[in-house]
Amino acid sequence: MMNLSYRNYTSAAAFDQVLTLLHYIKLSIINNSLKLNQKTHARILILGLSQNPFLATKLMSAYSVFGNLTDSKLVFQMFNHKNVYLWNTLINGYVRNSEYIKAFEYFKEMCCCCCCCCDDYTLATMAKVSGEMRNLVAGKLVHGRSVRVGFDSDIVVSNSLMSMYCKCSSFGDCRKVFDEMPQRNVGSWSVFLAGYVGFGKRSFDQELLGLIKCMQIDGMKLDGFTILSILPLCGVDSRKWPDYGGELHCYIVRNGLGFDVHLGCCLIDMYSKSGRVFEGRRVFDQMRSRNVYTWTAIINGYTKNGDSDEALSLFHEMQVKDGIEPNRVTLLSVLPACNSHGCLRIGKQIHGFVVRKVLNCNVSLSNALIDMYSKCGSLDLAIRVFEDESFCKDAISWTSMISGYGLHGKGEEALSLYSKMVLQGLSLDTITVVGILSACGRSGLIDEGLKIYDSVINDHGIKPTVEICACVVDMLGRSGQLDQALNFIEGMPVKPGPSVWGALVSASVIHGNTKMQELAYRFLIEIEPENSSNFISISNLYASSKQWDVVADVRTKMRESGMRKEPGCSWININSTTHCFYVADKAHPCSYSIYEMLENLKFVMKGSNQSSSDNEIQT
């Protein structure tokens, strides 16, 4: 670094020259001009200032910014008396350009140099490099070096070591470093809490709350980084109390931390995960500056919570109102919204945008497009995307296409594609198996489906899950083999869940087996006592057989538990606007005209039926 003590060993004119050259180096970085930096370097050599440590470190730093590590190393090698700052600049240049192995080589050379010793900056940098490489052995070597040279108690070095241990999945060592620190700052607590959260935590618990209280007792206040570390644990279960996510939100407001991009996105995501997307929208509306990440977070929140209309509306507003171009993640977030409402036209527009921006080579986007087209009823377009050679298909691509064939009742095609997938040696997973078994069930290919089930269990080593077993029950049930389906359930290696008994219910309804239907419903009620649909269905079943006493008991249990059935909903998309209708709904602005038209249709239908009856009598 430049300081005025440099005047002690140089003239005023030379000092001014150094300042001017430093200014030109800084200017070359600002303007991203390698040529200007090279000209300045040449001027330094002409003026005989190549041994000036300030100019040398600045030159090396500038070359590393441009990615020109060869010239940076050349400046370093030309310097006769290398100090710790020159070594740090050289090493940091390689780190900046992700040349981690080279950085370690120079670090070892630096440590072997008898005239120079590493400092806290060197050790903190190398600890960070070890974490980026996920190299625990290298990290422990850096830790050992810091102990030998007496920097193990330095806060910055200790924080970097803790971060390294967390990235290397060694939280025990991280905790040991934390416990042995004589002094800690907010960064120390933030790194430790981030490591604690990342070490297998799934929800906010009392132990984490205790650590936060200890941090505050230690005189430290939570900062933005600390809150970002623990917020992801707060939106897992919306029924959990107390509402830690809401408390952290209040803390942000009270302490004036503001909703920057990172905090805003994290809060929106937290509220969305807990089903409170309207609160996430409030955070979004209060943010002063928004970018593609904040828009993506709120769009994804609405999509995940089933409000496809608002997700698509925000996707349009993002581009028209704020002029922000969606990125790959935004497109992946909005495509499922097209699935749920069957908005094929919007899906095609998104596909067109993908092609224009040359994003069709991205496998994730291509997979999402296959899924969208299949669910929107356009199997031909899904096939066209799948057969496009511009992207490298993975197991998800094949699975999506197999599921698409199954969804459209193309069981033979699904089987053919599944066979090709197996021949290519692609790894099968639970989703692939569910997709092909569902396709076999819908197409009546029972024997083929059972053979595949045996094959994936015995040959591919896939453990049967509830979802896979539900597909087998559905296959057997659809073909009328209800007893075999029940026997399969009784011999399942996993405990049958709602999907299994639901499959048996559907098959019993199709084949009119009321006894089997009643048995399946009783198990469903036992597994899902809070699901009102099960109670309504079994009540209707008893009502159809005129068992009114049992119907009354079921209805009484529903009232006592406070259960209410959500009304059925249907929708239709007309001129880019989705119209939703509920049972006995009169909220639609055109409801009067709609019901009037329905009455007219009923009258016409009754008239047609009467005419048909009269014709039959005359005949």
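Residues numbered from 1 in each chain as written. Predicted model: local features only at pLDDT ≥ 70, side-chain atom pairs only at ≥ 80, totals over all residues. Heavy atoms only, no water.

**Brief notes about the overall build of the protein chain**
Turning to step 1, where the next piece is worked out: Summing up its helical and strand segments, the protein chain has 33 helices and 2 strands in all.
Turning to step 2, where the next piece is worked out: At a minimum sequence separation of 6, the contacts of the protein chain that also span at least 24 residues come to 57%.
Turning to step 3, where the next piece is worked out: With an accessible surface of roughly 33,200 Å², the protein chain has 53% of that area assigned to carbon and sulfur atoms. (Helix = DSSP H or I, 4+ residues; strand = E, 2+ residues; numbered from the N terminus. Contact = heavy atoms within 4.5 Å. Areas by Shrake-Rupley, 256 points an atom, 1.4 Å probe, with all protein chains shown as cover.)

**Quick word on the packing of aromatic side chains**
Turning to step 1, where the next piece is worked out: With the rule as written, the count across this model stands at 11 aromatic pairs.
Turning to step 2, where the next piece is worked out: Look at F178 and W189: their rings are 4.9 Å apart centre to centre, the planes differ by 80 degrees, and that puts the pair in the edge-to-face class. Taken together, the positions of F178 in helix α10 (residues 171-180) and W189 in helix α11 (residues 186-198) put the pair 11 residues apart, joining distant regions of the chain.
Turning to step 3, where the next piece is worked out: Among the aromatic residues, those joined into a ring-pair cluster are F171, F178, W189, F192 and Y196.
Turning to step 4, where the next piece is worked out: The ring of F178 carries R184 above its face, with NZ or CZ at 4.1 Å from the centroid.
Turning to step 5, where the next piece is worked out: The ring centre of F284 lies 4.3 Å from the NZ or CZ of R290, which sits over that ring. (Phe/Tyr/Trp six-rings, centres within 6.5 Å; stacked < 30°, edge-to-face > 60°. Lys NZ or Arg CZ within 6 Å of the ring centre and 35° of its normal.)

**Focus on the packing of α11 against helix α12 (residues 206-217)**
Turning to step 1, where the next piece is worked out: Packing of α11 against α12 brings their axes to within 11 Å, and their N-to-C directions diverge by 175 degrees. Classified by the angle between their axes, α11 and α12 sit roughly antiparallel to one another. Along its contact with α11, which presents V186, W189, F192, L193, Y196 and V197, the element α12 presents E207, L208, L211, I212, C214 and M215. (Axes fitted to C-alpha atoms, helices over the stretch in contact; angles between N-to-C directions. Parallel < 35°, antiparallel > 145°, perpendicular 65-115°, else oblique.)

**Looking at the environment of I462**
Turning to step 1, where the next piece is worked out: Mapping I462 onto the fold places it in the loop between α26 (446-458) and α27 (466-478).
Turning to step 2, where the next piece is worked out: Counting along the chain gives 33 residues from I462 to D429, while the straight-line C-alpha distance between them is 7.2 Å.
Turning to step 3, where the next piece is worked out: The residues touching I462, leaving out its near neighbours within four places in the chain, are L428, D429, V433, V456, I457 and I468.

**Here's the deal with the nonpolar core**
Turning to step 1, where the next piece is worked out: Membership of the largest hydrophobic core comes to 163 residues, with the highest contact counts inside it found for I350, M401, L437 and L504.
Turning to step 2, where the next piece is worked out: When residues in this core are grouped by element, the largest group, 8 residues, is from α27. (Core = buried A, V, L, I, M, F, W, Y, C linked by side-chain atoms within 4.5 Å. Buried < 20%, exposed > 50% of the residue type's maximum accessible area, 1.4 Å probe, protein only.)

**Considerations on helix α6 (residues 100-112)**
Turning to step 1, where the next piece is worked out: Here α6 is 13 residues long and its end C-alpha atoms lie 19 Å apart, about the 18 Å a rise of 1.5 Å per residue gives.
Turning to step 2, where the next piece is worked out: Within the sequence span of α6, burial applies to A103, F104, Y106, F107 and M110. For α6, the angular spread of the buried residues around the axis is 165 degrees, confining them to a single face. In α6, the exposed residues that point more than 90 degrees away from the buried face are I101, K108 and C112.
Turning to step 3, where the next piece is worked out: Residues of α6 that are buried make contact with α4 (69-78), α5 (84-96), α7 (120-133) and α8 (136-148). (Expected span 1.5 Å × (residues − 1). Arc of directions from axis to C-beta.)

**Examining a nonpolar patch on the surface**
Turning to step 1, where the next piece is worked out: A surface patch of nonpolar side chains, about 480 Å² in accessible area, is lined by Y595, M597, L598, L601 and M605.
Turning to step 2, where the next piece is worked out: Take L601: it is sitting in helix α33 (residues 591-618). (Patch = residues over 30% accessible without salt bridge, like charges linked within 9 Å, V, L, I, M, F, W, Y side chains within 5 Å. Salt bridge = Lys/Arg side-chain N within 4 Å of Asp/Glu carboxyl O.)

**Observations regarding the confidence of the model for the protein chain**
Turning to step 1, where the next piece is worked out: Averaged over all residues, the pLDDT of the protein chain equals 83, while 84% of them reach at least 70.
Turning to step 2, where the next piece is worked out: Here residues 1-9 is modelled with pLDDT under 50, and outside its nearest four sequence neighbours on either side it reaches 14 contacts, counting other chains as well. (pLDDT = per-residue confidence, 0-100.)

**Re the side chain of S366**
Turning to step 1, where the next piece is worked out: Considering the arrangement of structural elements, one finds S366 in helix α21 (residues 363-375).
Turning to step 2, where the next piece is worked out: Residue S366 is classed as buried on the basis of its relative accessible area, which comes to 2%.

**Quick notes on the pattern of salt bridges**
A pair can form between side chains of opposite charge whenever their charged atoms are brought close.
Turning to step 1, where the next piece is worked out: For the coordinates displayed, the defined rule picks out 14 salt bridges.
Turning to step 2, where the next piece is worked out: With a closest N to O distance of 3.6 Å, E317 and K321 form a salt bridge.
Turning to step 3, where the next piece is worked out: Classification of K321 by relative accessible area gives exposed; the value is 57%.
Turning to step 4, where the next piece is worked out: Its salt-bridge partner being E599, residue K602 comes within 3.7 Å of it at the nearest N-O pair. Separated by 3 residues within a single helix, K602 and E599 lie in helix α33, roughly one turn from each other.
Turning to step 5, where the next piece is worked out: Salt bridges linked by common partners bring R281, D285 and E310 together as one network.

**A few points about the side chain of N367**
Turning to step 1, where the next piece is worked out: Position of N367 relative to the elements: it lies in helix α21.
Turning to step 2, where the next piece is worked out: On the basis of relative accessible area, N367 is assigned to the buried category, the value being 6%.
Turning to step 3, where the next piece is worked out: Not counting residues within four places of it along the chain, the set of residues in contact with N367 comprises F391, D394, I396, S397 and S400.

**A closer look at α5**
In an α-helix, one full turn covers 3.6 residues, which means residues spaced three or four apart are oriented alike.
Turning to step 1, where the next piece is worked out: The terminal C-alpha atoms of α5, which comprises 13 residues, lie 18 Å apart, in line with the 18 Å expected from a rise of 1.5 Å per residue.
Turning to step 2, where the next piece is worked out: When you tally the buried positions in α5, you get 10 out of 13 residues, the bulk of the element.
Turning to step 3, where the next piece is worked out: Where α5 begins, the side chain of N83 points an oxygen toward the backbone nitrogen of Y85, at a separation of 3.1 Å.
Turning to step 4, where the next piece is worked out: Remark: S98 follows α5 within two positions and exhibits a positive phi of approximately 60 degrees. (Polar contact = N/O pair within 3.5 Å; in protein donor to acceptor, adjacent residues only side chain to side chain.)

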